[in-house]
Amino acid sequence: MVQKVTDTMTKDSRIEWIDLLKGIAILWLVVYHFYAIGWLRSPVPVFFFLSGLFFSEGKSFGAFIHKKTKALIVPFLFFFALGVGGSVLKNFLTGEAYSFPQLWRFATLIPADAEKTNPLGVGAIWFLVSLFEIYIIYYAMRKISTKSWWLLAVAILLFLLSAVTMQFYGNGAIFYLFYTSGFVIYFVTANLLREKVLFGKTPAYVLVLAICAYSVRFVDLSTMLDTCHVGGGILIRIRGMVSMMGLIGVMVWIGKYLSCIPSVWKTKLFKFILFEGSNSLTILGTHLLVMVVAAIFVKRFMTVGTVYYIVLFMIIVAASNICILLFNRYVPFLVNHKSGKKGC
C-alpha cells in the first residue's frame, strides 16, 4: 500500500499544501541566512522530511541513481558554476582577490572549525549533495530490511553518529557524510508515516503537538530548533531534533488546514507562497549569491538595521523570482510543473 501511494502520483501532479510548506520553509531559509536571531533557526530539516514522503525505489538501482543524479547532482553542478561566477563578480565589485573553493577538502577528513568548513564556498547547495546521499543510504537500508523498527533504529544510530563526529570534524568532511547522517531521521520518519501524513486526518497530529510542547520545557528558545548546531553536544542535538519534529508536525497540520479553505488559497499571498514552494530549488541555488551582491549596493544607501533587512529581503526574493522565470524558460531541468491537488 505504501508503494502504491507513490506510484499513483504522476510526474506532473503536485499537492498544494506540500508546496505551501516548501514555500514557507524556503522564505524562512532566506531570512535565516542573513538575520539568524534567537528562535529563528535553519528550516532545512523540513525539506528532508518532505522529500521522504515521496521516496520510491524505482525499477532498478541504475534507474534510481540516474533519476536522482538528474534531479539533484545536475542542478548542483549548475548552481556551483553559477555561484563561482557570482563570487568572482562580487570580489570584482569589492576589489578583493578571489580564491577558488577548496574542493580538495570536500573529500577529506579534516578536523576544523565547523562553522568555517563549507568547501564549496557557494552557499546552500550542500543540501542537494546531502539529499542525494540520503536517498542512497535509505535505498541501501531498505535492501537489507523494510521493517519499520530496523529503518528507525538505523536512522537513530546515524543521528547519534553525526552528533558525535560533528564535534570533531567540519560539516564538509567526506562529502558532507557526517553532517548528512544527522538528517536521515527526518527522511525516514516521513517515509514511514507518509500515508498518515499525506492522507490522514488532522487530529493525528495532536500527539506531535504534545511532543513539541514537552520539548520546550527542557530547551531554551535560542537552541530549540538548532538541529544544525555542531558544537553543542549530543543532548542539544537530540533536543533540537525532537523540537524540529514537533514544528514539522505543526506545519503539516496548518498547511493541510489552510489549503482546504477557499478564502485562503484564492488569495494572492497564498498563490505567491505556492509559487515559491514549487520553485524552491531555484531559490535555494540563487538566494545567497543574490544576497551577497545585493548587500553591497544596499549598504551604500542605508545603515544595517530593521529597514535594511526588510529591503534586502525584498530584493533577494524579487531577484530570485526573476531567476525562476529565466531558468524555467531556458534551463529545462529546473522547470517545475503547476500545482494541482490540494490534498484535502
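Along each chain, the written sequence defines residue order, and numbers are assigned to residues from 1. The predicted origin of the model limits local features to residues at a pLDDT of at least 70 and limits the giving and counting of side-chain atom pairs to 80 or more, whereas totals for whole chains, interfaces and linings rest on all residues. Side-chain figures throughout are based on the complete set of non-hydrogen atoms in the structure, without hydrogens or water.

Turning next to the confidence of the model for the chain. Within the chain, residue pLDDT values average 77, and 71% of them lie at 70 or more. By definition, pLDDT measures how confident the predictor is in each residue, and it falls between 0 and 100. Helix and strand labels come from DSSP, where a helix needs a run of H or I of at least four residues and a strand needs a run of E of at least two; each type is numbered from the N terminus. Mean pLDDT across the elements of the chain bottoms out in helix α1 (residues 2-7) (43) and peaks in helix α5 (residues 126-144) (94). The contact criterion used is simple: two residues touch if any of their non-hydrogen atoms lie within 4.5 Å. The low-confidence segment residues 1-12 (pLDDT under 50) makes 21 contacts with residues lying over four places distant or belonging to another chain. When the criterion is pLDDT under 50, residues 111-117 qualifies, and its contacts beyond four places in sequence or with other chains add up to 15 contacts.

Okay, helix α8 (residues 184-192) next. Burial classes: relative accessible area under 20% of the type maximum marks a residue as buried, over 50% as exposed, and values in between as partly exposed (1.4 Å probe, protein chains only). Judged by how many residues are buried, α8 sits mostly within the fold: 8 of 9 residues are covered. If you check which residues of α8 are buried, you get V184, I185, Y186, F187, V188, T189, A190 and N191.

Axis definition: a line fitted to C-alpha atoms, over the contacting stretch in the case of helices. Angles run 0 to 180 degrees between N-to-C directions. Their axes nearest at 8 Å, the elements helix α6 (residues 148-165) and α8 cross at an angle of 160°. Taken together, the axes of α6 and α8 are roughly antiparallel relative to one another. Once α6 is placed against α8, the crossing between them reads as left-handed. Along the contact surface, α6 presents S148, L151, L152, A155, I156, L158 and F159, while α8 presents V184, I185, V188, T189 and L192. Residues are sorted three ways: Asp, Glu, Lys and Arg are charged, Ala, Val, Leu, Ile, Met, Phe, Trp, Tyr, Cys and Pro are nonpolar, and all the rest, Gly among them, are polar. Residue classes in the contact of α6 with α8 are distributed as 10 nonpolar, 2 polar and no charged. Angles are sorted into four bins: roughly parallel if under 35 degrees, roughly antiparallel if over 145, roughly perpendicular if 65 to 115, and oblique for all others. Each helix crossing is assigned a hand: it is left-handed if the near helix lies turned anticlockwise from the far helix by less than a right angle, otherwise right-handed if that turn is clockwise.

This paragraph deals with the packing of helix α3 (residues 44-52) against α8. Taken N-terminus to C-terminus, the directions of α3 and α8 make an angle of 35°; their axes are 7 Å apart at the nearest point. The chirality of how α3 crosses α8 is right-handed. Residues P45, F48, F49, S51 and G52 of α3 form the contact with α8, whose own contacting residues are Y186, F187, T189, A190 and N191. Within the contact of α3 with α8, the residues separate by chemical class into 6 nonpolar, 4 polar and no charged.

To continue, consider the pattern of salt bridges. Pairs can form between side chains of opposite charge whenever their charged atoms are close. Salt bridges are counted wherever a side-chain nitrogen of Lys or Arg sits within 4 Å of a carboxyl oxygen of Asp or Glu. As enumerated under the stated definition, the model contains 2 salt bridges in all. The partner of K143 in a salt bridge is E57, with the nearest N and O atoms 3.7 Å apart. Pair noted here: K143 is in helix α5 and E57 is in the loop between α3 and α4 (61-94), with a separation of 86 residues, a long-range link. Overlapping salt bridges bring together E57, R142 and K143 as one network.

Glancing now at the packing of aromatic side chains. Stacked, tilted and edge-to-face are the three classes applied to pairs of Phe, Tyr and Trp rings, where Trp contributes its six-membered ring and a pair requires centres within 6.5 Å; stacked means planes under 30 degrees apart, edge-to-face means over 60, and tilted covers the rest. Per the stated rule, a full pass over the model turns up 23 aromatic pairs. Judged by centre distance (5.5 Å) and plane angle (70°), the ring pair of Y138 and F187 falls under edge-to-face. Residue Y138 is found in helix α5, and its partner F187 is found in helix α8; the two are separated by 49 residues along the sequence. Under the relative-accessibility criterion, F187 is labelled buried at 0%. We note K68 situated over the ring of Y135; from NZ or CZ to the ring centre the distance is 4.0 Å. Note on geometry: a ring has a charge over it if NZ (lysine) or CZ (arginine) is within 6 Å of the ring centre and within 35 degrees of the ring normal.

This part is about the side chain of N321. Relative to the helices and strands, N321 is located in helix α15 (residues 306-330). Any pair of N or O atoms that falls within 3.5 Å is considered a polar contact. Within protein, one atom must be able to donate a hydrogen and the other to accept it, and sequence-neighbouring residues count only if both atoms are side-chain atoms. A polar contact of 3.1 Å, which involves the side chain of N321, links it to the side chain of E276. Among all residues touching N321, those that are not within four sequence positions of it are F272, F275 and E276.

Inspection of the secondary structure puts N191 in helix α8. Owing to a relative accessible area of 3%, N191 belongs among the buried residues under this scheme.

Core analysis: the largest hydrophobic core is formed by 79 residues, its most contacted members being F48, F49, F127, Y186 and L312. If you tally residues by element for this core, the top one is α5, at 11 residues. Among all residues touching F49, those that are not within four sequence positions of it are Y186, T189, A190, V197, I248 and V252. Note on terminology: a nonpolar core comprises buried Ala, Val, Leu, Ile, Met, Phe, Trp, Tyr and Cys residues joined through side-chain atoms within 4.5 Å.

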